[in-house]
Amino acid sequence: MFTGYYDKSDRPIFTGDLVKFRCPGFSISGRGIVYQTDKNTFAIKDNRTECKRKNAGRIYPMYDDAVYTVIR
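Residues numbered from 1 in each chain as written. Predicted model: local features only at pLDDT ≥ 70, side-chain atom pairs only at ≥ 80, totals over all residues. Heavy atoms only, no water.

Asker: Mind showing me how you'd approach the sheet that holds strand E7 (residues 67-70) here?
Answerer: Strand pairs in the sheet, formed through backbone hydrogen bonds, run parallel or antiparallel to each other. With antiparallel pairing, the five strands of this open sheet are ordered in space as E6-E5-E4-E3-E7. Among the strands making up the open sheet, the edge pair consists of strand E6 (59-61) and E7. Here the average twist between neighbouring strands, direction ignored, is 40°. Bridge count between strand E5 (residues 41-46) and E6: three bridges; the pairing is antiparallel. (Pairing = 2+ DSSP bridges. Helix = DSSP H or I, 4+ residues; strand = E, 2+ residues; numbered from the N terminus. Axes fitted to C-alpha atoms, helices over the stretch in contact; angles between N-to-C directions.)

Spelled out as structure tokens, the structure:
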């Protein structure tokens, strides 16, 4: 399902896509799988297993000002 967001190359982002993102001006970045939380809301679940920091398994909302890159 299309999320309404596009990556930096103007590719549409769909649920199930693996994406990485960063928010300019903030120290927020992450990588994970896009999924739907409810009817019109999407989030990214961090899927990194090698990360021993607090980010492993973290849920990020889809930020309007973030720069996204679809990995696959």
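Having seen the structure, we can now continue with the description.
Asker: Would you explain a nonpolar patch on the surface in this entry?
Answerer: Together, Phe2, Tyr6 and Phe14 make up an exposed nonpolar region whose accessible area comes to about 280 Å². With respect to the element layout, phenylalanine 14 can be found in strand E2 (residues 12-14). Phenylalanine 14 sits in the partly exposed class, given a relative accessible area of 35%. (Patch = residues over 30% accessible without salt bridge, like charges linked within 9 Å, V, L, I, M, F, W, Y side chains within 5 Å. Areas by Shrake-Rupley, 256 points an atom, 1.4 Å probe, with all protein chains shown as cover. Salt bridge = Lys/Arg side-chain N within 4 Å of Asp/Glu carboxyl O. Buried < 20%, exposed > 50% of the residue type's maximum accessible area, 1.4 Å probe, protein only.)

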